[in-house]
Protein chains: 2
Amino acid sequence: MTFPPAEHRARIARAAAAARGEGFAGVVVADPANLHYLTGYNAWSFYMPQVLVIDATTAEVLFVAREMDAKGAHRTAMLEPHEVLGYPESTVHRRDTHPFVWAAQELRARGWAERFAGGRVAIEGDADFFSVRSYLSLRDGLPEWEFADGHRIISWLRVIKSDAEISLMRGAGRIVSNAMAVAVDMIAAGVPQHELVAAIWHAQIAGLPGVDGDYPAIVPMLPTGGAGDTPHLTWTASPLVEGEIVSVEIAGVHRRYHAPLARSVAIGDVPRDLDRLSGITSEGLDCTLEAIRPGRTAGEVADVYWSWLRRHGLEKNSRLGYSIGVGYPPDWGEGTISIRPEDPTVLQPNMTLHVIAGMWMSGYGCEVSESIRVTDDGVEVLTDAPRELIRRPGSR
Amino acid sequence: MTFPPAEHRARIARAAAAARGEGFAGVVVADPANLHYLTGYNAWSFYMPQVLVIDATTAEVLFVAREMDAKGAHRTAMLEPHEVLGYPESTVHRRDTHPFVWAAQELRARGWAERFAGGRVAIEGDADFFSVRSYLSLRDGLPEWEFADGHRIISWLRVIKSDAEISLMRGAGRIVSNAMAVAVDMIAAGVPQHELVAAIWHAQIAGLPGVDGDYPAIVPMLPTGGAGDTPHLTWTASPLVEGEIVSVEIAGVHRRYHAPLARSVAIGDVPRDLDRLSGITSEGLDCTLEAIRPGRTAGEVADVYWSWLRRHGLEKNSRLGYSIGVGYPPDWGEGTISIRPEDPTVLQPNMTLHVIAGMWMSGYGCEVSESIRVTDDGVEVLTDAPRELIRRPGSR
């Protein structure tokens, strides 16, 4: 376990208090990052239904998972045996029933139906691993509960990191800086994309001495050449081409804490349009990072970049970044703070953000980003790579 | 694109026909594997809401995705521009609205509300990336539609593979066999777990000459020593220990097609209990594979292994395997056929299965598996590794 049990109990108590503050009697948590944050639980079991139910009044919890996973939950989570409930394998992947039909009955038998009777129970309506059938099974099995969207109430608890969490994120930053250096060294015309990704992935997982690598919530993304206008493409077996740009967006991960980093790399001479766009993007990121400090809102920070773009006749209609920390597939973003003009969140020390100046035009694009921590008076940049269009020699 | 547009049109036509057969007017598809199967679409964009809407009567489709992803959909999907609809960035990660509130209005404006008015529309109630808010936004925005669970109607279309798909899966089998050999070579007392995983991952992505690797839907799982009783643990930075077993469960992936493979590896001398368990498990897998042929049910195949275990005083209450093919995180299983006593599915040629004899006891466990194709009269094993407890020398 990364953190001691007492730390997790304190986090659960904070979650319960936050839920009470919003008028909830209970919370149903499915997001694996939230489960990990609250309990330490860490296994690739989220492809089956699993939830942590929190009593907002008493901060008591019950973790419901597949029997084979529940049995080993104590290996990563600080939960006591009586706080873990395994549903039978016979309920899995069935047309006529669902694990949470069973779970609802079991919750009732243990008195949980009554605990929240007539009260509002927060669900994670945006969570990826709380399926419609999971929701409907609980709703129909526990009609005493009034289910309502909790609007990421648990995720919001995670936005300000402890110093211990920051220390893990610094490790993640070192890993990704090294992985980016490995990538840049290898980028050359003729190198098959998948071989480049294999080398990146090795660096991500091997980590560095004293900083072991963990799996990233998102695989390396590698928009290349004309496909540089499409941000979330992965890779092919095609060789890299001279005169093109390859954008590399990857994260370093240390014990589930993420530090993402993106750079565009030019192979030989690239068109002037791209050169110009890259320059504006990099300098825009410089200005933006200088503007970050406690007391400013995420929206005010976004305005700095938006103004910069306007001054150069450009525009951007996607976010400039988002809150980061613990991540599980499919996203390393926390889903809370967005750096965009309309976000009113006031920045505070030890918030951590991935600031990504991605410009996806038509038929080309470029990306440059940093993972940062908000300090008492500015930013600490957790990642380290030349903040400009990186150039690799061509053969011509 | 792996398959020609005409192949995808034929698959969509089959999907529409299947939906009509079940009395559905339309289908809403969110599972990334189903999206890829139907259209070729392939990007790491499923962490944002996205669905393909199919008209069961006409086989017309509309793909709704985030604007920045919709713009580049043509790079991997065979969809025409008029079949793609991008929702504005301003609807993303908002408390007061949702991308599918916008999508429902847009569907209405394009006449889709009326198309299915009074009809049943199939949703994927088990899909990971069709969130409760996605569902509620469509339900509330399109009250003319009667939403009903489609019970994996699209996934079931995928269980019998074409010869071209089988050829991709053979490639995946070669990749994972090589990755397992790399792992076995490296396993020794003192090797940090994450360094072993880094080497495995490199082999998975680099692939083999002529067979490029793609990302697996599940990261390498590495239950080790006492934690061998817990199937879905990933890894730590701890060194491997002499006298213990490490179980390696990984997949080879070629152009999104998966072939998983699991083996347990003993470092030096391991306790007799483990030796005995491994022997029974491996021989049980032999018997089971011999029992697979067209016309048998998945349940009858499971019975062979269950009987074998009973004869040796053991039992298993989890599945012995499942259907495989295209996969995206978090699961490489198709969620259709389960090899367990109560599954009535009749096996047919070109069904592909991961048959995994995993025995998770208390404080120890072992795993041995193969990816197989059902042939006209038996099985073709797609994976290749010694089918027994693999032994690595200890230093004692």
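What counts and how
- Residues numbered from 1 in each chain as written.
- Chains lettered and ligands numbered in written order.
- Predicted model: local features only at pLDDT ≥ 70, side-chain atom pairs only at ≥ 80, totals over all residues.
- Heavy atoms only, no water.
- Least-squares fit on C-alpha atoms with pLDDT ≥ 70 in both.
- Contact = heavy atoms within 4.5 Å.
- UniProt positions renumbered as here; feature names shortened; annotations may be inferred.
- Helix = DSSP H or I, 4+ residues; strand = E, 2+ residues; numbered from the N terminus.
- Domains from an automatic or database assignment.
- Buried area = accessible area lost by both parts, 1.4 Å probe.
- Salt bridge = Lys/Arg side-chain N within 4 Å of Asp/Glu carboxyl O.
- Polar contact = N/O pair within 3.5 Å; in protein donor to acceptor, adjacent residues only side chain to side chain.
- Nonpolar A, V, L, I, M, F, W, Y, C, P; charged D, E, K, R; others polar.
- Buried < 20%, exposed > 50% of the residue type's maximum accessible area, 1.4 Å probe, protein only.

## Structural notes on the relation of the copies chain B and chain A
Copy one and copy two of the chain differ by a rotation about an axis and a translation along that axis. Each copy superposes on the other: chain B lies on chain A with an RMSD of 0.0 Å after a rotation of 180° and an axial shift of 0.0 Å. These values place the two chain copies in the arrangement generated by a two-fold rotation axis. Residue by residue, 100% of the interface of chain B is reproduced at the interface of chain A, so both copies engage with the same surface.

## Looking at the UniProt feature "domain: Creatinase N-terminal" (unreviewed entry) in chain A
UniProt annotation of "domain: Creatinase N-terminal" (unreviewed entry) refers to residues 11–160 of chain A when read in the numbering used here. Counting secondary structure, residues 11–160 of chain A comes out at 35% helix and 19% strand; the distance between its end C-alpha atoms is 12 Å.

## What to know about the domain arrangement of chain A
Residues and elements named next belong to chain A. On domain assignment, one finds that chain A holds domain 1 (5–157) and domain 2 (163–392). When each unit is reduced to the centre of its C-alpha atoms, the spacing between domain 1 and domain 2 is 33 Å. Contact between domain 1 and domain 2 buries roughly 1100 Å² in total, counting both sides, with carbon and sulfur atoms accounting for 65%. It is His 36, Trp 44 and Trp 156 that lose the most area in domain 1 upon contact with domain 2, and together they represent 35% of the buried surface on that side. Linking domain 1 with domain 2 are zero salt bridges, by the criterion used here. Counting the contacts that link domain 1 with domain 2 gives two residue pairs in polar contact (both at pLDDT 80 or more). Going through the elements one at a time, α2 (32–39) and α7 (153–157) are the ones with two or more residues in the side of domain 1 that touches domain 2. With four residues, the single largest contributor to the side of domain 1 that touches domain 2 is α2. Of the residues assigned to the side of domain 1 that touches domain 2, the class counts are eight nonpolar, three polar and three charged.

## Structural notes on the pattern of salt bridges
One pass over the full model with this rule turns up 46 salt bridges over all chains. When the shortest N-O distance is used, the salt bridge between Arg 75 of chain A and Asp 229 of chain B registers 3.0 Å. Placement of Arg 75 of chain A in the loop between α3 (67–70) and β4 (84–87) and of Asp 229 of chain B in the loop between α9 (193–206) and β7 (245–254) is noted, with the two residues assigned to different chains. Judged by relative accessible area, which is 5%, Asp 229 of chain B ranks as buried. Note that Glu 7 of chain B and Arg 11 of chain B form a salt bridge whose closest N and O atoms lie 3.0 Å from each other. Taken together, the residues Glu 7 of chain B and Arg 11 of chain B, both in helix α1 (residues 5–21) and four residues apart, mark about one turn of the helix. For Arg 11 of chain B, a relative accessible area of 3% corresponds to the buried category. Look at the salt bridges and you will find they share partners, linking Arg 263, Asp 286, Glu 370 and Arg 387 of chain A into a network.

## What to know about the interface of chain B and chain A
One widely used convention gives an interface's size as the accessible area the parts lose upon coming together. Every contact between the two is made by 78 residues of chain B and, on the other side, 78 residues of chain A. Approximately 6600 Å² of surface area, both sides summed, lies buried where chain B meets chain A, with 58% of it carried by carbon and sulfur atoms. Ranking the residues of chain B by area buried against chain A places Trp 44, His 93 and His 232 of chain B at the top, with a combined share of 11%. At the surface where chain B touches chain A, the tally comes to four salt bridges. Put simply, Arg 133 of chain A and Asp 126 of chain B hold a salt bridge, and the shortest N to O gap is 2.9 Å. Our count for the contact surface shared by chain B and chain A stands at 38 residue pairs in polar contact (both at pLDDT 80 or more). Of all elements in the fold, only α3 (67–70), α6 (132–141), α9 and β10 (331–338) of chain B reach the threshold of two or more residues within the side of chain B that touches chain A. Tallying contributions element by element places α9 of chain B first for the side of chain B that touches chain A, with eight residues. A breakdown of the residues in the side of chain B that touches chain A according to their chemical character gives 33 nonpolar, 22 polar and 23 charged.

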